[in-house]
Amino acid sequence: MSPQNILNADLHCHSVVSDGTLTPEALAERAKANGVELWALTDHDEIGGQQRAAAAAKAQGMHYLTGTEVSVTFAGQTVHIVGLGFDAGNPEIMQGLRNTRGGREQRAMEMSDSLAKVGIKGAYEGALKFVGNPELISRTHFARFLVESGVCRETNEVFRKYLTEGKPGYVPHRWATLRDAVTWITQAQGVAVIAHPGRYKFTPNEEYALFTEFKSHGGRGVEVVTGSHTPQEYLKYAETAKEFGLAASRGSDFHSPDESHTDLGTLPFLPGELTPVWELLADRIQ
Ligand code: AMP
Ligand code: MN
Ligand code: MN
Ligand code: MN
């Protein structure tokens, strides 16, 4: 592998096992074609694709870390915690993620009822047509249905008009706690990473609390270079990583060739002065 920070690592993306549109095998092929050297598939609240992804990475000649992206509720907002390099057969993380997925079906039916009230009928059934894993129906699948049925032109517009707080299709949901998510990952020999911190709408005090509590539970990494950050945010969260003594991660958050602006393996490298998260995971790389 290339040394340290100039490694083309992509440690955040989604397959049909959550809300991506490609199979783990197709993602591995695309990552390889884009020059990725170290890859992780990080489906939301789900590790059912890990064996396929690891096998596909091996077949493509790429190094692999196990991955997931856990939905957490912190200070009234949804925060995502990426887990990397954990043992995918660990019973506690498997059960924790199963519980986290558990409320999704009920939430989806409520979203559908709520959309019906503004005249959008059959959204639950419509979203289901886009679902690859019956345990993982997400807002993204509703967004695809609303684009297909002509209500909106693209998924971004659906989120803006229907699926975010205060909008007619939004249903609040309580996910895992920060402590539980970090603990599931670390007790399974993985490293917990705060995903795309630039996306949250926290006050500076709340953001400080997030990083402080995350560290106190054993969290060790933060995404600095991600498809969800602007170049200014790369700099901002590079400083945050140093301030909190966290390792840095890099990942596209790729979901679909038709929807994602950032392709696998195409982001800038991590700033040179940061410790890459894969340095903490050298003995977990497959
Ligand atoms: P859920 O876990 O069901 O709440 O769905 C969250 C997913 O929705 C995220 O992982 C993204 O893939 C997608 N998403 C959230 N906000 C947006 C947005 N503004 N535009 C497009 N996709 C979004
Ligand atoms: Mn997603
Ligand atoms: Mn996320
Ligand atoms: Mn993601």
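Look above for the structure.
Note that this is a predicted model, so its numbers are computed, not measured.

Draft legend 1. Expanded view of unusual backbone geometry. The backbone of glutamine 189 shows a phi angle near 70°, a positive value even though the residue is not glycine. For glutamine 189, a relative accessible area of 47% corresponds to the partly exposed category. A positive phi is found at histidine 196, a non-glycine position, where the angle reads about 25°.

Draft legend 2. Region of the structure containing the sheet that holds strand E1 (residues 9-10). Strand order in the open sheet made by the three strands is E1-E2-E3, with parallel pairing throughout. Both outer strands of the open sheet, E1 and strand E3 (63-64), are each paired with one neighbouring strand and no more. Note: E1 against strand E2 (residues 38-39), two bridges, orientation parallel. Within E2, the position partnered with alanine 9 by the bridge is leucine 38.

Draft legend 3. The coordination of the manganese ion (ligand 4), seen in detail. At 2.1 to 2.2 Å from the manganese ion (ligand 4) lie its protein donor atoms, namely His12 (NE2), His14 (NE2), Glu69 (OE) and Asp253 (OD). One chain supplies every donor for the manganese ion (ligand 4), spaced along it as H-x1-H-x54-E-x183-D. In this structure, the manganese ion (ligand 4) lies 4.6 Å from the manganese ion (ligand 2). Summarising the burial analysis for this pair, histidine 12 and histidine 14 share the class buried.

Draft legend 4. Region of interest: the pattern of salt bridges. If you walk through the whole model with that rule in mind, you get 13 salt bridges. With a shortest N-O distance of 3.4 Å, glutamate 46 and arginine 101 are connected by a salt bridge. Separated by 55 residues along the polypeptide, glutamate 46 in the loop between E2 and helix H2 (50-60) and arginine 101 in helix H3 (residues 91-102) bring together distant segments of the chain. Residues glutamate 46 and arginine 101 agree in their burial class; the two are buried. Measuring nitrogen to oxygen at the nearest pair gives 3.8 Å for the salt bridge that ties glutamate 207 to lysine 236. With glutamate 207 in helix H9 (residues 204-216) and lysine 236 in helix H10 (residues 231-244), the pair connects residues that are 29 residues apart, well separated along the chain. Residue lysine 236 is classed as partly exposed on the basis of its relative accessible area, which comes to 42%. Among the charged side chains, a network of salt bridges with common partners joins Glu46, Arg101 and Glu135.

Draft legend 5. Seen up close, the layout of surface pockets. Size it by volume and the largest pocket reaches roughly 1500 Å³. What lines the largest pocket is a set of 40 residues, and nearest its centre among them are His80, Arg139, Phe159, Thr164 and Arg199. Those elements that provide at least two residues to the lining of the largest pocket are strand E4 (67-74), strand E5 (77-84), helix H4 (104-116), helix H6 (139-148) and helix H7 (155-163). Tallying contributions element by element places H7 first for the lining of the largest pocket, with four residues. In terms of residue class, the lining of the largest pocket is made up of six nonpolar, 22 polar and 12 charged. Viewed by domain, the lining of the largest pocket spans two of them, domain 1 (4-100 + 174-284) and domain 2 (104-161), each represented by three or more residues.

Draft legend 6. A look at the nonpolar core. Within the largest apolar cluster, 51 residues are counted, with the highest numbers of intra-cluster contacts made by Leu11, Val72, Ile81, Val224 and Val277. Counting residues in each nonpolar core, the second largest holds 18 residues, with Ala108, Phe145, Val158 and Val171 among its members.

Draft legend 7. Region of the structure containing the coordination of the manganese ion (ligand 2). Looking at the manganese ion (ligand 2), the protein donor atoms are Asp19 (OD), His44 (NE2) and His255 (NE2), and they sit 2.1 to 2.2 Å from it. Site description for the manganese ion (ligand 2): donor spacing in sequence, D-x24-H-x210-H. A distance of 5.7 Å spans the gap from the manganese ion (ligand 2) to the manganese ion (ligand 3). Taken together, the residues span a long stretch of sequence, with aspartate 19 in the loop between E1 and helix H1 (24-33) and histidine 255 in the segment after strand E8 (247-251) at a distance of 236 residues.

Draft legend 8. Quick peek at the packing of H4 against H6. The contact between H4 and H6 brings their axes to 11 Å, and the two run at 35°. The crossing of H4 and H6 is right-handed. Where H4 abuts H6, its residues Arg107, Ala108, Met111, Ser112 and Leu115 lie against Arg139, Phe142 and Leu146. A class-by-class count of the residues in the contact of H4 with H6 yields five nonpolar, one polar and two charged.

The rules behind the values
- Residues numbered from 1 in each chain as written.
- Chains lettered and ligands numbered in written order.
- Predicted model: local features only at pLDDT ≥ 70, side-chain atom pairs only at ≥ 80, totals over all residues.
- Heavy atoms only, no water.
- Buried < 20%, exposed > 50% of the residue type's maximum accessible area, 1.4 Å probe, protein only.
- Pairing = 2+ DSSP bridges.
- Helix = DSSP H or I, 4+ residues; strand = E, 2+ residues; numbered from the N terminus.
- Donors = N, O, S within 2.8 Å, 3.2 Å for Na, K, Ca; no water.
- Salt bridge = Lys/Arg side-chain N within 4 Å of Asp/Glu carboxyl O.
- 1 Å grid on protein atoms, 1.4 Å probe; cavity = no way out; pocket = protein on both sides within 12 Å on 5 of 7 lines; lining within 4 Å.
- Points joined across faces, edges and corners; volume = space filled by probe spheres on them.
- Nonpolar A, V, L, I, M, F, W, Y, C, P; charged D, E, K, R; others polar.
- Domains from an automatic or database assignment.
- Core = buried A, V, L, I, M, F, W, Y, C linked by side-chain atoms within 4.5 Å.
- Axes fitted to C-alpha atoms, helices over the stretch in contact; angles between N-to-C directions.
- Left-handed = near helix turned anticlockwise from the far one by under 90°.
- Contact = heavy atoms within 4.5 Å.

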